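# Topology and contacts: notes
Read off the chains here:
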Amino acid sequence: MGEVDLWVDIDGPDDGDMVVLLAGADTPGFRWSRAIVDRLIVDGYRVVRFDHRDCGRSTRFGPSDAYLLDDLAADIVGLLDELGVGAAHLVGRSMGGMVAQVLALDHPRRVRSLSLFGTTPGVGDERLPGPDEDFIEKMTSRLFEGPPRKVEDQVAWIVQLAKLMNGTLYPIDVDAETALAVAEVETGWAAETGHGVAAFSSKSRLDRLVEIAAPTLIVHGSADVVLPIEHGQALAEGIPGAVYIEVDGLGHEVPDGLIAEMWPVLQHHLRSSTDWAG
């Protein structure tokens, strides 16, 4: 995709409608687990997971190489072009959901539907609340400590972040999180990429949500310490016809248990949106 090489994993039938899973900031594509991938494949979808630019096994950028959410969206347009796909269902979590909104706004014909998990129409938009104060304090402490150098400490660092973002509804699976953390370290982990800067530097989409025509499902947790519940509510209020599900006790996470419980809803959403195209 031009100056950017993306690591991509594609699974499912060649003739299936495409579902692109967009990961959150600083995390690789395999953070979308087999819990959702396998269900999508059984239903006949062709599933794409990928590492955003500047993350995992995709092209990395230096501190002076600034980019925005628009650029991350352009990478996906390039990916769809490369795969010969006109439009795809987009399922995004956190920053991935922000990129999905940009695609729906600026490249509407490439989007069959949106499924947005724990995301926001605008990081830093003063009309929306910031992260939980206790979470900010703990993250500030991590920042001053600096990222660890030893592999085992890096794994522990990643698992600790997952614990900080976990809600009360689904107990964290430490063994599974540790395995994911090991895989992240082995595939090019960095404590921080340019994703956070891209999210903060990009324009808020709050006033443009009314322009989103793609069928949209929004899932947000009441215990999200990163993007409080008002962010999900703002998306639901702004996007015409959006289906909004507020999950009591869910944190800034998309655990396998949530996928299992939400699957009938997501399944219906995708099926009912298959013939829609902007």
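The preceding data block contains the structure.
Presented here is a report on the structure given in the accompanying data block.

Cut-offs used in this document
- The numbering scheme is per chain: residues are counted from 1 as the chain's sequence reads.
- This being a predicted model, a pLDDT of at least 70 is required before a residue's local features are given, and a value of 80 or more before pairs of side-chain atoms are given or counted; all residues contribute to the totals for chains, interfaces and linings.
- Hydrogens and water are ignored here; the side-chain numbers use all heavy atoms of the structure.
- Throughout this description, buried means an accessible area under 20% of the type-specific maximum (1.4 Å probe, protein chains only), exposed means over 50%, and partly exposed covers the range between.
- Runs of H or I in DSSP of at least four residues are treated as helices and runs of E of at least two as strands, each being numbered from the N terminus.
- Throughout, a residue-residue contact means that at least one pair of heavy atoms, one from each residue, lies within 4.5 Å.
- Only protein atoms enter the calculation, which uses a 1 Å grid: trapped sets of points that fit a 1.4 Å probe without letting it out are cavities, open sets showing protein on both sides within 12 Å along at least five of seven lines are pockets, and any residue with an atom within 4 Å of a point is a lining residue.
- Grid points are joined across faces, edges and corners, and a volume is the space filled by probe spheres set on the points.
- Note on residue classes: Ala, Val, Leu, Ile, Met, Phe, Trp, Tyr, Cys and Pro are nonpolar, Asp, Glu, Lys and Arg are charged, and everything else, Gly too, is polar.
- Within 6.5 Å between ring centres, the rings of Phe, Tyr and Trp (the latter by its six-membered ring) count as paired, and their orientation is classed by plane angle as stacked under 30 degrees, edge-to-face over 60, tilted in between.
- Here, a charge over a ring is recorded when the distance from Lys NZ or Arg CZ to the ring centre is within 6 Å and its angle to the ring normal is within 35 degrees.
- Should DSSP find at least two bridges between two strands, the strands are taken to pair.
- When a carboxyl oxygen of Asp or Glu lies within 4 Å of a side-chain nitrogen of Lys or Arg, that pair is called a salt bridge.
- A helix is expected to reach a length of 1.5 Å times the quantity of its residues less one.
- Any N or O atom pair separated by 3.5 Å or less is treated as a polar contact, with the protein-specific requirement of one donor-capable and one acceptor-capable atom, and with residues adjacent in sequence counted only for side-chain atom pairs.

### With respect to helix 8 (residues 229-238)
Among the residues making up helix 8, those that are buried are Ile229, His231, Gly232, Ala234, Leu235 and Ala236. Of the surrounding elements, those touching the buried residues of helix 8 are helix 3 (95-106), strand 5 (111-117), strand 6 (216-221) and strand 7 (243-247).

### Considering empty space enclosed by the protein
Following the criterion strictly, the structure yields one cavity of 30 Å³ or more and no others. Of the voids in this model, the largest cavity is the one considered here, and its volume is about 60 Å³. Every residue along the wall of the largest cavity is listed here: Asp26, Pro28, Asp54, Cys55, Gly56, Arg60, Glu184, Thr187, Gly188, Trp189, Ala190 and Thr193. Of the residues assigned to the lining of the largest cavity, the class counts are four nonpolar, four polar and four charged.

### So, unusual backbone geometry
Positive phi is not limited to glycine here, since Asp26 has a value of about 65°. With respect to the secondary-structure elements, Asp26 resides in the loop between strand 2 (18-22) and helix 1 (34-42). Its relative accessible area of 21% is what places Asp26 among the partly exposed residues. Despite not being glycine, Ser94 has its phi angle at roughly 50°, a positive value. Relative to the elements of secondary structure, Ser94 occurs in the loop between strand 4 (88-93) and helix 3.

### Some details on the packing of aromatic side chains
Under the criterion given, the structure shown has two aromatic pairs. Measuring from ring centre to ring centre gives 6.1 Å for Trp32 and Phe117, while their planes differ by 75°; the resulting arrangement is edge-to-face. Placement of the pair is Trp32 in the loop between strand 2 and helix 1 and Phe117 in strand 5, with a sequence separation of 85 residues. With respect to burial, Trp32 and Phe117 carry one shared label: buried. Sitting over the face of the ring of Tyr67, Arg53 holds its NZ or CZ atom 5.4 Å from the ring centroid. The cationic tip of Arg93 hangs over the ring face of Trp32; the distance from NZ or CZ to the ring centre is 5.0 Å.

### A closer look at the pairing of strand 3 (residues 46-50)
Counting buried residues along strand 3, five of its five residues qualify, which places the element largely inside the surrounding structure. Of the two faces of strand 3, the one carrying Arg46, Val48 and Phe50 and the one carrying Val47 and Arg49 are both buried. As defined by bridge partners, strand 1 (residues 8-11) adjoins strand 3 across four bridges and the pair is classed as antiparallel. Pairing of Asp9 across the sheet is with Arg49, part of strand 3. Taken together, the four bridges between strand 2 and strand 3 define a ladder with parallel strand orientation. Across the sheet, Leu21 pairs through a bridge with Arg49, a residue of strand 3.

### Considerations on the pattern of salt bridges
Inspection of the entire model under this criterion finds 16 salt bridges. A salt bridge links Asp207 to Arg127; the nearest nitrogen and oxygen atoms lie 2.8 Å apart. With Asp207 in the loop between helix 7 (195-201) and strand 6 and Arg127 in the loop between strand 5 and helix 4 (133-145), this pair connects stretches of sequence that are 80 residues apart. What emerges from the salt-bridge pattern is a single network uniting Asp11, Arg34 and Asp38.

### A closer look at the pairing of strand 2
Along strand 2, five of the five residues are buried, which leaves the element largely enclosed by surrounding structure. By the alternation rule, side chains of strand 2 split into Met18, Val20 and Leu22 and Val19 and Leu21, which are all buried. Where strand 2 lies against strand 4, four bridges are found, and the strand directions are parallel. Looking across to strand 4, one finds that Leu22 is bridged to Gly92.

### Focus: helix 5 (residues 151-165)
A rise of 1.5 Å per residue sets the reference length of helix 5, with its 15 residues, at 21 Å; its end C-alpha atoms lie 22 Å apart and thus fit the reference within 8%. Those residues of helix 5 that sit buried are Gln154, Val155, Trp157, Ile158, Val159, Ala162, Leu164 and Met165. Turning to helix 5, the residues buried within the fold contact helix 4 and helix 6 (174-186).

### A look at the side chain of His252
If you trace the backbone, His252 turns up in the loop between strand 7 and helix 9 (256-273). Taking relative accessible area as the criterion, His252 reaches 12% and is therefore assigned buried. A distance of 2.9 Å separates a polar atom in the side chain of His252 from a polar atom in the side chain of Ser94. A polar contact of 2.9 Å, which involves the side chain of His252, links it to the side chain of Asp224. Setting aside chain neighbours within four positions, we find His252 in contact with Ser94, Gly118, Met165, Asp224, Val226 and Leu227.

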